[in-house]
Amino acid sequence: MRLTERQLAVLEAASATDERTVAEIGEETGLKPETVAGAAFDLADEGLVEVASVADETLELTDEGRKYVDEGLPETRLYRAGLDAGADADPVSMGAVIGDAELDGPEVDIALANFARKGFGSVDGGELSIAADADPDADPEATALAALADAGDEGLDAGDLGVEESVIDRLDSRGLLAVAESVTRTVTLTDDGVDALMTGVEAAEMVGALTPELLASGEWRDAEFAEYNVEAEAETARGGRKHVLRRTADRVKDVLVGMGFQEMEGPHADADFWINDCLFMPQDHPARTHWDRFALDVDPMESIPDELIRRVESAHRDGWGEDGDGYHSPWSEEFAREVALRGHTTSLSMRYLSGIAGAELEPPQRYFSVEKVYRNDTLDPTHLLEFFQIEGWVMAEDLSVRDLMGTFEEFYRQFGITDIRFKPHYNPYTEPSFELFGEHPETGEEIEIGNSGVFREEVTGPLGVDCDVMAWGLALERLAMLTTGAEDIRDLHGTLADIDFLRNAEVSY
């Protein structure tokens, strides 16, 4: 029998009575582990050895997990600060408790997302209450983190941690522990392998690769080439790939450009005038308070045409057109010039429709954007503090609701979604208005995927537009949920995103 030198070395190092690991054989033979594994699989194909695999999972703390072992989980710190403030007796201001808990940046959202989930209490109307029966000391997540900290750099097997698998999954999704998976392969001689060694095996000098030197010299004609087992297991190699949300956004852009739309762009931080006032949103509307809006401590925006401000103010105070009535409520130019993070990309539509962005406004016209917006929402499976909105509008004469619905049906058909439902809705800036709903492919639940309507005269009139404009704002993440089957918007991006899901999720084409 003839074997390659590496195969013969592995065969001689293997034992018929003991399982020897690839690492042990590699240390004895001086071969790399991957070389030993390849030779072992070749020998197994010849029936000379048996190769067995055992998968192990080791749990280790991440840097964020170590931080929370030292400082306490954000939700636990929020609980203790609330307890010190007397929230177990009467509700207290959430803002004050957050300050006392020394929560910064993302920790605030993390604390609020897990506070109620663990039964520590509730947050309602900006006030925090502590549950009388809550016991953070019995929190299995904190217990698991402490056990991993005691284990040090060696980590622990999942079975040795002493908590339910769901707790491990939760800590993994929060990025507080890392699951290191390893496969240990062992090699054992078979009876045929023993017989081969007894009868004698000849080491053949085989060539593993065809090189330019072999070709130039002609030695390839007499060389004996090693066979390759293309079905042998190999280490998984993962290359970079574009994020599923970015790929969905690119697909959306391709579809809309194919439907004749041009792309808009503009500032993330903009004057309240463009974000809300141009949309005929009253200045005392709840959506324009700090509960729903991210105001910025910067200088007010001066570069707004004075004549346009006067027309928009007139629409708010007195209405627009013969039948206009307006709100008869306070209106402040100072407030209109204040700068905030845009809560919707309709601010771009207002800039373009007003002509200030340099758009061609001779109807018909179609424009869109796929950009990020910011809202002070409560985090849940369908809401984030920042997300992407698919903004679009069509300017033409004599537009109808059928035009609006038909545009949506054609757009979503490009993603394989043919069952879109429309629900009449109220918006201050469109009439008629519709919410859009689609059915989630995994749960069967109807989720809201957008808002739409035909702009009111109070919106288009002050901008100088004298024909119909239908518009919409669709959620990119919720479209991605429909096309990928994700059940939680936080699976798509953020600290809770599932890496395996992002590696394997596909975009519908």
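Colleague: Give a detailed account of the packing of aromatic side chains, specifying residues and quantitative values.
Modeller: Each aromatic ring pair is summarised here by two numbers: the centre-to-centre distance and the angle between the ring planes. Considering all chains together, one arrives at twelve aromatic pairs under this definition. Between the aromatic rings of Tyr367 and Trp393, the centroid separation amounts to 5.1 Å while the plane-to-plane angle is 25°, which identifies the pairing as stacked. Placement of the pair is Tyr367 in strand E13 (residues 365-374) and Trp393 in strand E14 (residues 386-396), with a sequence separation of 26 residues. Both residues of the pair, Tyr367 and Trp393, count as buried. Here Phe411 and Phe415 contribute two aromatic rings whose centre-to-centre distance is 5.4 Å and whose plane-to-plane angle is 55°, an arrangement assigned as tilted. For the pair Phe411 and Phe415, a shared accessibility class is recorded, and that class is buried. Linked through ring pairs, Phe261, Phe408, Phe422, Phe434 and Trp472 together constitute an aromatic cluster. Residue placement shows Arg251 over the ring face of Phe415; its charged tip is 5.6 Å from the ring centre.

Colleague: Which residues make up the pairing of strand E18 (residues 468-475), and what values do they have?
Modeller: In terms of burial, E18 is a largely internal element, seven of the eight residues being buried. Across eight bridges, E14 lies against E18 in antiparallel orientation. Bridge pairing links Val394 to Met470 in E18. In terms of strand pairing, strand E17 (residues 446-455) meets E18 through five bridges, oriented antiparallel. Considered in E18, the bridge of Gly450 is made with Leu474.

Colleague: Outline unusual backbone geometry, listing residues and values.
Modeller: Following Pro363, the chain continues into Pro364 via a peptide bond in cis, with omega recorded as 0°. Relative to the helices and strands, Pro364 is located in the loop between helix H16 (346-354) and E13. Omega for the peptide link from Glu431 to Pro432 comes to 0°, which places this bond in the cis form. Within the secondary structure, Pro432 sits in strand E16 (residues 430-439). For Phe280, which is not glycine, the phi torsion reads 60° and is therefore positive. Structurally, Phe280 is set in the loop between helix H13 (272-275) and helix H14 (306-318).

Colleague: Any details on the packing of helix H1 (residues 5-13) against helix H2 (residues 22-29)? Residues and values, ideally.
Modeller: Running from N to C, H1 and H2 point in directions that differ by 110°, and their axes come no closer than 10 Å. Accordingly, the angle class assigned to the pair H1 and H2 is roughly perpendicular. Between H1 and H2 the crossing geometry is right-handed. Where H1 abuts H2, its residues Ala9, Val10 and Ala13 lie against Ile25, Glu28 and Thr29. For the contact of H1 with H2, the per-class residue count stands at four nonpolar, one polar and one charged.

Colleague: I'd love a proper account of the sheet that holds E18, names of residues and values included.
Modeller: Strands sit in the order E10-E13-E14-E18-E17-E16-E15 across an open sheet of seven strands; the sheet is mixed. Looking at which strands have only one partner, the edges of the open sheet turn out to be strand E10 (262-263) and strand E15 (420-425). The sheet strands contacting helix H17 (residues 401-413) are E14, E15, E16, E17 and E18, and the helix crosses E18 at an angle near 35°.

Colleague: Could you give an account of the nonpolar core, with specific residues and numbers?
Modeller: Ranked by size, the top nonpolar core spans 43 residues in total, and within it Val252, Ile390, Phe411 and Tyr412 carry the most contacts. Tallying contributions element by element places helix H12 (residues 244-258) first for this core, with six residues. When near neighbours in sequence (up to four residues on either side) are disregarded, Tyr412 contacts Ile417, Ile420, Leu436, Ile449, Leu474 and Leu479. Listed in part, the 32 residues of the second largest apolar core include Met281, Ile309, Leu353 and Tyr429.

Colleague: Got a sec to walk through the pairing of E15? Specific residues and values, please.
Modeller: For E15 and E16, the ladder comprises six bridges, and the chain directions are antiparallel. When the sheet's bridge partners are listed, Pro424 is paired in E16 with Phe434. Linking E15 to E16, which pair antiparallel, is a turn of four residues.

Colleague: So what about the state of the cysteines? Which residues, and what values?
Modeller: Disulfide: a covalent bond connecting the sulfur atoms of a pair of cysteines. Summed over all chains, the structure comprises zero disulfides. With no disulfide of its own, Cys278 lies 17 Å from the sulfur of Cys467, the closest cysteine sulfur. Exposure remark for Cys467: the relative accessible area of 8% places this residue in the buried category.

Colleague: Describe the pattern of salt bridges, naming the residues involved and giving the relevant values.
Modeller: In this structure the tally under the stated criterion is 35 salt bridges. We note a salt bridge from Arg174 to Glu75, for which the minimum N-O separation is 2.9 Å. With Arg174 in the loop between helix H9 (165-173) and strand E8 (177-189) and Glu75 in helix H5 (residues 74-84), this pair connects stretches of sequence that are 99 residues apart. We classify Arg174 as buried; its relative accessible area is 6%. With a relative accessible area of 0%, Glu75 lands in the buried category. Each of Glu75, Arg117, Lys118, Asp139, Glu141 and Arg174 takes part in one network of salt bridges that share partners.

Parameters and conventions
- Residues numbered from 1 in each chain as written.
- Predicted model: local features only at pLDDT ≥ 70, side-chain atom pairs only at ≥ 80, totals over all residues.
- Heavy atoms only, no water.
- Phe/Tyr/Trp six-rings, centres within 6.5 Å; stacked < 30°, edge-to-face > 60°.
- Helix = DSSP H or I, 4+ residues; strand = E, 2+ residues; numbered from the N terminus.
- Buried < 20%, exposed > 50% of the residue type's maximum accessible area, 1.4 Å probe, protein only.
- Lys NZ or Arg CZ within 6 Å of the ring centre and 35° of its normal.
- Pairing = 2+ DSSP bridges.
- Axes fitted to C-alpha atoms, helices over the stretch in contact; angles between N-to-C directions.
- Parallel < 35°, antiparallel > 145°, perpendicular 65-115°, else oblique.
- Left-handed = near helix turned anticlockwise from the far one by under 90°.
- Contact = heavy atoms within 4.5 Å.
- Nonpolar A, V, L, I, M, F, W, Y, C, P; charged D, E, K, R; others polar.
- Core = buried A, V, L, I, M, F, W, Y, C linked by side-chain atoms within 4.5 Å.
- Disulfide = S-S within 2.5 Å.
- Salt bridge = Lys/Arg side-chain N within 4 Å of Asp/Glu carboxyl O.

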